[in-house]
Amino acid sequence: MASSRDDLVRKMARLMQSGAVMLEQTCPICGSPLFRLPNGDIVCPIHGKVRIVGSEEEASLVEAEGVLKELVAYSAKSIKRLISSGSGPEDIGRWLYVMEKALEVADKIKAESTPASQSGRAQRKPRGKAGS
Ligand SMILES: [Zn+2]
């Protein structure tokens, strides 16, 4: 019985040989123990690099971030297509707007999902308006 468990153990062993440290946290997908690599990355022996989420709320934020990233990528693709098809600035502007909004929301999400433990010295960047 060459189980996948053997495979997992072997992968974990290899990670530890490379200096990775086993963590208390487990992979949100498969439940395997996670490892921290010497370079700081958190990896699952099976899924590779993962992002640890502290709560369900945070998990949904991470998911939203992913959707927004896709949206930005899709907008960029659409703009590229419009440019090559000779479309006017109005059509392109519409996609630019979508892209800008997505980035804006992604920014907000990132600010939300920043662990509170790091807010020891809160650095609030003044949101200066680029006046015109
Ligand atoms: Zn996993």
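Computed from a prediction, not measured in an experiment: that's the story for all the values here. (Residues numbered from 1 in each chain as written. Predicted model: local features only at pLDDT ≥ 70, side-chain atom pairs only at ≥ 80, totals over all residues.)

1. Topic: the environment of Val-72
- Summarising the element assignment, Val-72 is placed in helix α2 (residues 56-84).
- According to the C-beta neighbour criterion, Val-72 is partly exposed, with 17 such atoms within 10 Å.
- For the pair formed by Val-72 and Val-98, sequence separation is 26 residues and the distance between their alpha carbons is 7.7 Å.
- With residues up to four places along the chain from it excluded, the contact list for Val-72 reads Met-99, Ala-102 and Leu-103. (Helix = DSSP H or I, 4+ residues; strand = E, 2+ residues; numbered from the N terminus. Buried ≥ 20, exposed ≤ 12 C-beta atoms within 10 Å, placed from the backbone. Contact = placed C-beta atoms within 7 Å.)

2. Digging into the pairing of strand β2 (residues 33-36)
- Looking at chain direction, strand β1 (residues 21-26) and β2 are connected through three bridges and run antiparallel. Considered in β2, the bridge of Met-22 is made with Phe-35.
- With antiparallel pairing between neighbouring strands as the criterion, β1 and β2 make up a hairpin whose turn holds six residues, including Gly-31 at a positive phi of roughly 80°.
- With two bridges connecting them, β2 and strand β3 (residues 42-44) associate as antiparallel partners. When the sheet's bridge partners are listed, Phe-35 is paired in β3 with Val-43. (Pairing = 2+ DSSP bridges.)

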